[in-house]
Every structure is written in structure tokens, then in C-alpha cells.
Amino acid sequence: VQEQVCKSMLTLGKRQPERVLAMCQEYLLKHPKLVVGHRVVVLQTMELIVGCRIEDVGSERIKSIICLASDEMTRSKVDIVPDWQQASSNILVAVGNKHINDIMEEILSKFQPGVLPHFYVVQTLAQLSDYGMVPFLNAILGTMLPMLNMGFNVPLCVLTSSVSVVLCLPALAHFSDSILEYLANLDKAPDPTVRKDTFASEIGLKGTTLRLMVAEALGSMCHLMGSEKLEEQIQRLIPAILSLYKKHSNEYYIISKSLCQVLDASVSMSSRVLETQVDGLMFALHQQVPVHHQDPNRHI
């Protein structure tokens, strides 16, 4: 029934996009307690109409649709409701194809320094990276780096915070790909003054910190992994973490903390693979136990 309703509304929307979009908006605003399944159908219909008839929708209507979709996407501050929030995000991405400046104005208002973003705000930014938002990326990257550092200091049980921050990692990959594609087609770009060195400082900072962030996250996640999966990964995880000691001489605490969590999880499940890592572990760990040379009996 929902599929048939959606098809009927889409048929009408293709003929009178502005009017049907206005009716969908009014319906959602008048029924804030509408069950999620029904909200999703209306939002999906709006996305389809915008996707095929966006040129026939006025700028004021576009701006109001952006505000509605953004509010729907972030209304639930704690729980992640994928169907509802993804449908709202998809509207923003569909509109972003033609109105990226209006989209970025709204999204960046919910992507502020020092405040962990909603899961779908980050995901929407990543999906929008294909639609001419490269000129905005330097500011986005500048906001994201301290956000990543802040995010890994929150407890793992704070689900929305942890998920939002972990999601930043694939988002960075999307952003980097978009920058490279933008630079490869600079003659067709909206802002031909953009250069690779515009992003060099931000990307460079992330290259030196992301490994540590991922290691810290992995340490926490090991306790949540199934025994078989963890057993399978131990022989790769431990050497990877140990290699960070050579690359990050000023961050031994973070590395050791992550390693400790991995080892704790491994011992708890009586890992058999752990024995094969003992030699490498002993060598690396003994390097982290310095002796006070003026007092040979004092070990730190």
C-alpha cells in the first residue's frame, strides 16, 4: 500500500512539483507524531520529486524543503533511526545537486567547532562531496580534526557520539577523492582558484593523527568483537599497534592503552594466537619501561 501511495504521489508530483511538495511539507509539519513508517514514505516521495523536477521548484520552496529535511534528519538527538534519517538525508543530497550553497549553509549550522555532530550530518556531508562542495572543504576539515580528538575521549557507551566520530573516517576518504577529482577538472570547476596546497595543512595534520585515533577506537571495540573474529584479527592487530611506537614517539600512552585493551580482550577469550605474538610484544614493551640512570633500583 505504501509503495502504491508513493507512486501515485510521485505521478502527481511530476505534473505539479511545487504544489505536491508544499502539501507533503504541510502534512509533516501538522503531524509531528506521525509514525516513522508513514513519515518515511512522504520523505521518500519528496526526494523522488525533487530528483526529477528540481528545475521547476522555486528557490523559496527549495529553502523550506532544506530546512524541513534537516530538522527531520536531526530531530532524534539520541537514537539512530536509519530509515527516517536516511530518507531526510537523501532529500538534502538530491537538492544539493543544484543548490549546494543553500544546502551547505544549513548543514554547516549543525556542524560547529567543539560540538559532536549528528551521525547523519557527517554522512550527508560525505555524500554531498560529489556536488561542488570542494570550496567548503577546508573549513569542514578544520572543524573535523579537533572534533575527532574530542570524540575519542567520550565513553564508548555514548553511542551517538562514538558513531558520529567513527563515521568521520570514511567521510575523510570521500572528501579526499572529491578534492582530487575537482582538481583534475579545474577548467570546469565553479572556483578555479582552488589548489592542492589549499588543503595540504589540514590533510597533513590528519595523516599524523588518524592512525592513533583508529588504534584507540580499535582498543575499545575489541571487547565488543566476537571471539572468533577477534582471534582471526589478533595476529594483524598487535603488530600494527606495535608499529605505532616507532612512528609516534610522543604518544606512547595512547598506543599502550589501546594495546592493553586488545591484550585484555585476547586473554579474556583465552586466545591461542596470542602466543605467537609474545616475542614481539616483550621486545616492544621492554622499550617502554625506562630505567632512571642515577638510581638503578628505581624503575618507572
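The written sequence of each chain sets the order in which its residues are numbered from 1. This being a predicted model, a pLDDT of at least 70 is required before a residue's local features are given, and a value of 80 or more before pairs of side-chain atoms are given or counted; all residues contribute to the totals for chains, interfaces and linings. With hydrogens and water excluded, all non-hydrogen atoms of the structure serve as input to the side-chain values.

Trainee: What's the story with the overall build of the protein chain in this structure? I'm lost.
Mentor: Helix numbering and strand numbering both begin at the N terminus, where a helix is a DSSP run of H or I of at least 4 residues and a strand a DSSP run of E of at least 2. When helices and strands are tallied, the protein chain shows 13 helices and zero strands. Reading the protein chain from its N end, one meets helices and strands in the order α-α-α-α-α-α-α-α-α-α-α-α-α. Partly exposed residues are those whose accessible area sits between 20% and 50% of the maximum for their type, while under 20% is buried and over 50% is exposed, using a 1.4 Å probe and protein chains only. Counting across all 300 residues of the protein chain, residues that qualify as buried make up 41%. Considering only contacts in the protein chain between residues 6 or more positions apart, those separated by 24 or more positions represent 71%. Whether two residues are in contact is decided by their heavy atoms: any pair within 4.5 Å suffices.

Trainee: Hey, could you run me through the pattern of salt bridges in this one?
Mentor: Where charged atoms from two side chains of opposite charge approach closely, those side chains can pair. Here, a salt bridge means any side-chain nitrogen of Lys or Arg that lies within 4 Å of a carboxyl oxygen of Asp or Glu. Taken as a whole, this structure holds eight salt bridges when the rule is applied. Its salt-bridge partner being Glu 18, residue Arg 61 comes within 3.8 Å of it at the nearest N-O pair. Of this pair, Arg 61 sits in helix α4 (residues 59-74) while Glu 18 sits in helix α2 (residues 17-30), and the two are 43 residues apart along the sequence. Judged by relative accessible area, Arg 61 falls into the partly exposed class, the value being 22%. Assessed through its relative accessible area of 32%, Glu 18 is described here as partly exposed. The residue Glu 232 makes a salt bridge to Lys 229 at a minimum N-O spacing of 3.8 Å. Of this pair, Glu 232 and Lys 229 both sit in helix α11 (residues 227-247), three residues apart, roughly one helical turn. Taking the relative accessible area as the measure of exposure, Glu 232 reaches 45% and is therefore partly exposed. Looking at Lys 229, the relative accessible area reads 44%, which means it is partly exposed.

Trainee: Help me understand the nonpolar core, please; the structure alone is not making it clear to me.
Mentor: What tends to happen in soluble globular proteins is that the nonpolar side chains get buried as a cluster. Here the nonpolar core consists of buried residues drawn from Ala, Val, Leu, Ile, Met, Phe, Trp, Tyr and Cys, with membership extended through side-chain atoms lying within 4.5 Å. Membership of the largest hydrophobic core comes to 48 residues, with the highest contact counts inside it found for Met 46, Val 95, Leu 125, Met 133, Ile 140 and Phe 175. Going through the elements one at a time, α2, α3 (36-53), α4, α5 (82-96), α6 (100-108), α7 (119-128), α8 (134-151) and α9 (159-184) are the ones with two or more residues in this core. Examining the composition of this core, we find that seven residues originate from one element, α5, more than from any other. Within the second largest apolar cluster, 19 residues are counted, among which are Leu 237, Leu 263, Ala 265 and Ala 284.

Trainee: Sorry, what's going on with the environment of Ile 179 here?
Mentor: Its place among the elements puts Ile 179 in helix α9. Separated by 47 residues in sequence, Ile 179 and Gly 132 have C-alpha atoms that sit 9.6 Å apart.

Trainee: What exactly am I supposed to notice about the packing of aromatic side chains here?
Mentor: Here a ring pair, both rings aromatic, is described through the centre-centre distance and the interplanar angle of the planes. When two rings of Phe, Tyr or Trp (its six-membered ring) have centres within 6.5 Å they constitute a pair, described as stacked for plane angles under 30 degrees, edge-to-face for angles over 60, and tilted for the intermediate range. Applying the stated criterion to the full structure yields two aromatic pairs. Judged by centre distance (4.9 Å) and plane angle (55°), the ring pair of Phe 119 and Tyr 120 falls under tilted. The exposure class assigned to Phe 119 is buried, which follows from its relative accessible area of 16%. With 5.5 Å between their ring centres and 75° between their planes, Tyr 245 and Tyr 252 make a pair best called edge-to-face.

Trainee: Even after reading the chapter, I still don't get the packing of helix α1 (residues 2-15) against α3, so can you show me in this structure?
Mentor: A pair of packed helices is characterised by two quantities: the angle between their axes and the separation of those axes. Between N-to-C directions, angles cover 0 to 180 degrees, with each direction set by a line fitted to C-alpha atoms, over the stretch in contact for helices. As a packed pair, α1 and α3 sit with axes 9 Å apart at the nearest point and diverge in direction by 35°. The handedness of the crossing between α1 and α3 comes out as right-handed. Touching Gln 2, Cys 6, Met 9, Leu 10, Gly 13, Lys 14 and Arg 15 of α1 are Gly 37, His 38, Val 41, Thr 45, Leu 48, Ile 49, Cys 52 and Arg 53, all from α3. Across the contact of α1 with α3, the residue classes tally to seven nonpolar, five polar and three charged. By convention, the crossing between two helices is left-handed when the near helix turns anticlockwise from the far helix through less than a right angle, and right-handed when the turn is clockwise. Side-chain classes follow a simple rule in which Ala, Val, Leu, Ile, Met, Phe, Trp, Tyr, Cys and Pro form the nonpolar group, Asp, Glu, Lys and Arg form the charged group, and the remainder, Gly included, forms the polar group.

Trainee: Quick question: what am I supposed to make of the environment of Glu 47 here?
Mentor: Secondary-structure assignment places Glu 47 in helix α3. The class of Glu 47 is partly exposed, set by a relative accessible area of 23%. Residues Glu 47 and Ser 88, spaced 41 residues apart in sequence, show a C-alpha to C-alpha distance of 8.2 Å. With residues up to four places along the chain from it excluded, the contact list for Glu 47 reads Asn 90, Ile 91 and Ala 94.

Trainee: Whenever I open this one, the packing of α1 against α2 confuses me. Can you help?
Mentor: Viewed as axis vectors pointing N to C, α1 and α2 meet at an angle of 135°, and their least axial separation amounts to 5 Å. Accordingly, the angle class assigned to the pair α1 and α2 is oblique. Only Pro 17, Val 20 and Cys 24 of α2 make contact with α1, whose side of the interface consists of Met 9, Leu 12, Gly 13, Lys 14 and Arg 15. In this scheme, roughly parallel covers angles under 35 degrees and roughly antiparallel covers those over 145, while 65 to 115 is roughly perpendicular and the rest are oblique.

Trainee: Could you clarify how one ought to interpret the environment of His 38 in this entry?
Mentor: In this structure, His 38 sits in helix α3. For His 38 and Gln 2, which are 36 residues apart along the polypeptide, the C-alpha to C-alpha distance reads 8.0 Å.

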